[in-house]
Amino acid sequence: MNLLLAKKIVSSWSAYFNEFFKGDDNTRILLSKTFGIISTILWVVLGIVGAIGAIYAIWLGVQLARAEDQGKRDDAKKHLITVFIAIGVTLALIVIFNVALPALISAFINPDALDVPENKPDQGMIHAIKPILSLLKA
């Protein structure tokens, strides 16, 4: 039984919408592509933050090695620790949003929670927002 549940767990937002969304195909494709673009942007941001953080950490290391008095060394150490913490937090948040959150939601969601009723003209954009809102009640 647990093995069958493990097969339903997804590791990306596009796989999540393809697996659990049973509504309009256009809405599923739109949500899948939108969350795919957001995930790609976040991975690029992670690369940029990592590169800038590495360059800044090297610069701080040089400043630490060249410092002549204890005050400058302590200041460089504090900044270096802050850089490592910032890079770690950024990495953790991006991995949580891109990998862990779809896996957690897919593990605990009711498979029928993303059903969207037939498209009615008086509902407007409600049918496109319902899958996103249903993530909150998972």
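Residue numbering note: each chain is counted from 1, following its sequence as written. Under the rules for a predicted model, residues below a pLDDT of 70 receive no local features and side-chain atom pairs below 80 are neither given nor counted, while totals for whole chains, interfaces and linings still include all residues. Only hydrogens and water are removed before side-chain values are computed, so all heavy atoms of the structure are retained for them.

So, the side chain of N98
Reasoning step 1: Summarising the element assignment, N98 is placed in helix α4 (residues 70–108).
Reasoning step 2: Residue exposure (1.4 Å probe, protein chains only): buried if accessible area is under 20% of the type maximum, exposed if over 50%, otherwise partly exposed. With relative accessibility at 4%, the residue N98 sits in the buried group. Every helix listed is a DSSP run of H or I at least four residues long, and every strand listed is a run of E at least two residues long, numbered separately from the N terminus.

Some remarks on the confidence of the model for the protein
A low pLDDT means the predicted coordinates there should not be read in detail.
Reasoning step 1: Residue-level confidence of the predictor is summarised by pLDDT, bounded by 0 at the bottom and 100 at the top. When the pLDDT values of the protein are averaged, the result is 78; 73% of them are 70 or greater.
Reasoning step 2: Averaged pLDDT values over the elements of the protein bottom out at 56 in helix α1 (residues 2–8) and peak at 89 in helix α3 (residues 25–66).

Focus on the packing of helix α2 (residues 13–20) against α3
How two helices pack is summed up by the angle between their axes together with the distance between the axes.
Reasoning step 1: Between N-to-C directions, angles cover 0 to 180 degrees, with each direction set by a line fitted to C-alpha atoms, over the stretch in contact for helices. At a minimum axis separation of 8 Å, α2 and α3 run at an interaxial angle of 165°. Classed by the angle they form, the pair α2 and α3 counts as roughly antiparallel. Considering only the axes of α2 and α3, their crossing is right-handed. Counted together, W13, S14, F17 and N18 of α2 and R28, L31, S32, F35 and S39 of α3 form the full contact between these two elements.
Reasoning step 2: Considered class by class, the residues forming the contact of α2 with α3 number four nonpolar, four polar and one charged. Working rule for angles: under 35 degrees goes down as roughly parallel, over 145 as roughly antiparallel, 65 to 115 as roughly perpendicular, anything else as oblique. Definitions for this section: a left-handed crossing has its near helix turned counterclockwise from the far helix by less than a right angle. A right-handed crossing has that turn clockwise. Contacts are assigned to residue pairs that have any heavy atoms within 4.5 Å of one another. Note that Gly is not counted as nonpolar here; it falls among the polar residues with everything else outside the nonpolar set of Ala, Val, Leu, Ile, Met, Phe, Trp, Tyr, Cys and Pro and the charged set of Asp, Glu, Lys and Arg.

Quick notes on the packing of aromatic side chains
Reasoning step 1: What counts as a ring pair is set by centres within 6.5 Å for rings of Phe, Tyr and Trp (its six-membered ring), and what kind of pair is set by the plane angle: stacked under 30 degrees, edge-to-face over 60, tilted for all other angles. What the rule picks out here adds up to four aromatic pairs.
Reasoning step 2: With a centroid separation of 5.7 Å and 45° between ring planes, the pair formed by W13 and F97 is classed as tilted. Here W13 is found in helix α2, whereas its partner F97 is found in helix α4, with 84 residues between them in sequence.
Reasoning step 3: With a centroid separation of 5.9 Å and 20° between ring planes, the pair formed by Y56 and W59 is classed as stacked. Here W59 and Y56 lie together in helix α3, a separation of three residues that amounts to about one turn.
Reasoning step 4: Clustering of aromatic rings is evident, with ring pairs tying together W13, Y16, F35 and F97.

Concerning the nonpolar core
Reasoning step 1: Grouping buried Ala, Val, Leu, Ile, Met, Phe, Trp, Tyr and Cys residues that are joined through side-chain atoms within 4.5 Å yields what is termed a nonpolar core. V10, W13, Y16, F17, F20, L31, F35, I105 and I109 together form the largest nonpolar core, which totals nine residues.
Reasoning step 2: Of all the secondary-structure elements, those providing two or more residues to this core are α2 and α3.
Reasoning step 3: Broken down by element, this core gets its largest block of residues, four residues, from α2.

Let's talk about the environment of N98
Reasoning step 1: For N98 and L42, which are 56 residues apart along the polypeptide, the C-alpha to C-alpha distance reads 8.2 Å.
Reasoning step 2: N98 has contacts with S11, S12, W13, S39, L42 and W43, leaving out every residue within four places of it along the chain.
Reasoning step 3: Side-chain polar atoms of N98 contact the side chain of S39, separated by 2.9 Å. Within 3.5 Å is the distance limit for a polar contact, defined as a pair of N or O atoms, with the added protein rule that one can donate a hydrogen and the other accept it, and that residues adjacent in sequence qualify only through two side-chain atoms.

Focus: the packing of α2 against α4
Reasoning step 1: Where α2 contacts α4, the two axes come as close as 9 Å, and the packing angle between them is 20°. Relative to α4, the element α2 lies roughly parallel. Two secondary-structure elements touch here, α2 through W13, Y16 and F20 and α4 through F97, N98, L101, P102, I105 and S106.

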